[in-house]
Amino acid sequence: MTQSRTQSWDPARYQANAGFVPVLGKPVVELATPRTGERVLDLGCGDGVLTEEIVSLGCSVTGVDASPEQIAAARARGLNAEVMDGQELPFDAAFDLVLSNAALHWMKDQDAVIDGVWRALKPGGRFACEMGGGDNVGAIRRAVHSALNSRGLDPVTADPWVFPSDEEQRRRLEARGFHVESIALIDRPTPLPGDIEGWLWTFCESFLMLAPEAERQGIIDSVRLDLEPLLKDDSGVWVADYVRLRFLAVKPA
Ligand code: BEZ
């Protein structure tokens, strides 16, 4: 799920604050159309909730993720899963399908990821991906940057995310030789299961680590205050400003 050295993944915290991530990953599975008997790489498999679903379709699935904690959780489900940096995939013509949900935006070197996926696929293989794109979590990101800037901290180098536009990602994929069947940015306002504080502790650790521990709660509180008029609806539900980039690309046979 993550490539950042300063972001950690506690499976229990992830389940509580981001359990919706694999649930909302169904559209990318539908786009990928996994078929019985296919060999599938789940790139950034996290705790394996979505991986399990692909296994249930009769595919032979390998999950990879940079987080040892998440891989331990995936293995506890009985899945075939390996700790691996998505920017250094070692596979060679091994898969019919590479599927990735909510993971690529943590990988700074998108060209290295796309190169590795290209090599991992058999000729005719498919790459189906959903990731953050465009102005994904733009209000949240701006509020976090502003809170850090106002404390004399530089959020830019700590920012762990890459959210490409559709045109930018299409260019990257085509430059590597992929045929892009579809690619689109999709606004997907996402109701959170609890207070935005839980989301911030779960996803913004790289930013928070810039500050001394004693100041982190104060940063969260000021971000929360900034975002309340923008992202908390009339019934008190926090709705994160997610924008997804969803694409299907094929390696020509
Ligand atoms: C996302 O899944 O879009 C996302 C994950 C972490 C931070 C921001 C966005």
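Residues numbered from 1 in each chain as written. Predicted model: local features only at pLDDT ≥ 70, side-chain atom pairs only at ≥ 80, totals over all residues. Heavy atoms only, no water.

> Lay out the overall build of the protein chain in plain terms, naming residues and giving numbers.
Secondary structure assignment for the protein chain yields 12 helices and nine strands. Its C-alpha atoms give the protein chain a radius of gyration of 18 Å, within 12% of the compact-globule value 18 Å for 253 residues. On the principal axes, the C-alpha backbone points of the protein chain span a range of 55 × 40 × 35 Å. A total of 253 residues make up the protein chain; the buried ones form 55% of that total. Of the accessible surface of the protein chain, which amounts to about 10,500 Å², a share of 53% is contributed by carbon and sulfur atoms. In the protein chain, which carries 25 positive and 38 negative side-chain charges, the distance between the mean positions of the two groups comes to 4 Å. (Helix = DSSP H or I, 4+ residues; strand = E, 2+ residues; numbered from the N terminus. Rg over C-alpha atoms; globule rule 2.2 N^0.38 Å. Buried < 20%, exposed > 50% of the residue type's maximum accessible area, 1.4 Å probe, protein only. Areas by Shrake-Rupley, 256 points an atom, 1.4 Å probe, with all protein chains shown as cover. Lys, Arg positive; Asp, Glu negative; His and termini not counted. Charge placed at Lys NZ, Arg CZ, Asp CG, Glu CD.)

> Describe in detail the sheet that holds strand E4 (residues 95–101), supporting the description with residues and values.
Across a sheet, paired strands are connected by hydrogen bonds in the backbone, their directions being either parallel or antiparallel. Spatial ordering of the open sheet is given by E3-E2-E1-E4-E5-E9-E6, a layout of seven strands whose pairing is mixed. Edge positions in the sheet fall to strand E3 (81–83) and strand E6 (179–187), since each has one partner strand and no second. On average, each strand axis in the sheet is inclined to that of its neighbour by 15 degrees, with strand direction left out of account. Against the sheet, helix H4 (residues 49–56) contacts strand E1 (39–43), strand E2 (60–65) and E4, and its axis sits at roughly 170 degrees relative to E1. (Pairing = 2+ DSSP bridges. Axes fitted to C-alpha atoms, helices over the stretch in contact; angles between N-to-C directions. Contact = heavy atoms within 4.5 Å.)

> Which residues make up the environment of Leu41, and what values go with them?
Within the fold, Leu41 resides in strand E1. Take Leu41: its relative accessible area is 0%, and that puts it in the buried class. Along the sequence, Leu41 and Val162 sit 121 residues apart, while their C-alpha atoms lie 21 Å from each other. When sequence neighbours within four positions are dropped, the list of residues in contact with Leu41 reads Thr62, Val64, Leu89, Phe91, Phe95, Leu97, Val98 and Leu99.

> Tell me about the pattern of salt bridges, and please be specific about residues and values.
Any two side chains of opposite charge can pair if their charged atoms end up close together. Under the defined criterion, the tally for this structure stands at 20 salt bridges. Ionic pairing is found between Glu130 and Arg188, a salt bridge with its closest N-O pair at 3.5 Å. Residue Glu130 is located in strand E5 (residues 121–132), and its partner Arg188 is located in the loop between E6 and strand E7 (190–191); the two are separated by 58 residues in the primary sequence. The partner of Glu168 in a salt bridge is Arg172, and the shortest N-O contact between them spans 3.4 Å. Within this pair, Glu168 and its partner Arg172 are both found in helix H9 (residues 166–176), separated by four residues, close to a single helical turn. Taking relative accessible area as the criterion, Glu168 reaches 31% and is therefore assigned partly exposed. Through salt bridges that share partners, Glu130, Arg188, Arg244 and Arg246 make up one connected network. (Salt bridge = Lys/Arg side-chain N within 4 Å of Asp/Glu carboxyl O.)

> Got a sec to walk through the site of the ligand? Specific residues and values, please.
Taken together, His105, Trp106, Asn136, Val137, Trp161, Phe163, Trp199, Phe203, Tyr242 and Arg244 are the residues near the ligand. A distance of 3.5 Å is found between an oxygen atom of the ligand and a side-chain nitrogen or oxygen belonging to His105. The side chain of Arg244 places a nitrogen or oxygen atom 2.4 Å from an oxygen atom of the ligand. For the ligand, whose unbound accessible area comes to 260 Å², protein coverage reaches 99%. Of the pockets mapped on this structure, the ligand occupies the largest cavity. The residue inventory of the shell around the ligand, partitioned by class, reads seven nonpolar, two polar and one charged. (Near = heavy atom within 4 Å. Polar contact = N/O pair within 3.5 Å; in protein donor to acceptor, adjacent residues only side chain to side chain. 1 Å grid on protein atoms, 1.4 Å probe; cavity = no way out; pocket = protein on both sides within 12 Å on 5 of 7 lines; lining within 4 Å. Sits in = over half its atoms within 2 Å of the grid points. Nonpolar A, V, L, I, M, F, W, Y, C, P; charged D, E, K, R; others polar.)

> Got a sec to walk through the pairing of E2? Specific residues and values, please.
The element E2 is extensively covered by neighbouring structure, given that five of its six residues are classed as buried. Alignment of E2 against E3, held across three bridges, turns out to be parallel. Bridge pairing links Val64 to Glu82 in E3. Since E2 and E3 lie parallel, the crossover through helix H5 (residues 68–76) that links them has a hand, and here it is right-handed. (Right-handed = clockwise from strand over helix to strand, strands pointing away.)

So far we have only geometry, and geometry alone does not tell us how the molecule works.
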